Amino acid sequence: MTPETQPIACPSCRVGSLSPGRKTVGLTRNDVTITMRNVPVMMCDTCEKATTTPAVTTNLQRISEDGLAAGTLEIEYTPPAA
Ligand SMILES: [Zn+2]
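Draft legend 1. Inspection of the environment of V32 at higher detail. Examined against the element boundaries, V32 turns out to sit in strand 3 (residues 32–44). Beyond its immediate chain neighbours, meaning those up to four positions away, V32 contacts L68 and L73.

Here you go:
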């Protein structure tokens, strides 16, 4: 038997499993909503709820603050510099 990657159970509906996808995410900072495109998310195949990992969430907050500072309300998601 070859070991397979275990599907991650959805924390929301507990029925579906999560698989990686890309999604447009809106984040509100100081009453301003910033749209971020191509955000890597884990998407549930049953309830379609998308969740982001803590690392992505932290990065989203940083990007949104950069966007606010620059006055940009629509940003393409970029992974953090290594
Ligand atoms: Zn679900």
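Draft legend 2. A look at unusual backbone geometry. One non-glycine residue, N38, lies in the positive phi region at around 60 degrees. With respect to the helices, strands and loops of the structure, N38 is situated in strand 3. A count of 13 C-beta atoms within 10 Å places N38 in the partly exposed class. Despite not being glycine, E48 shows a phi value in the positive range, around 65 degrees. Mapping E48 onto the fold places it in the loop between strand 3 and strand 4 (50–51). With 12 C-beta atoms packed within 10 Å, E48 lands in the exposed category.

Parameters and conventions
Residues numbered from 1 in each chain as written. Predicted model: local features only at pLDDT ≥ 70, side-chain atom pairs only at ≥ 80, totals over all residues. Helix = DSSP H or I, 4+ residues; strand = E, 2+ residues; numbered from the N terminus. Contact = placed C-beta atoms within 7 Å. Buried ≥ 20, exposed ≤ 12 C-beta atoms within 10 Å, placed from the backbone.

Just geometry here; none of it tells us what the structure is for.
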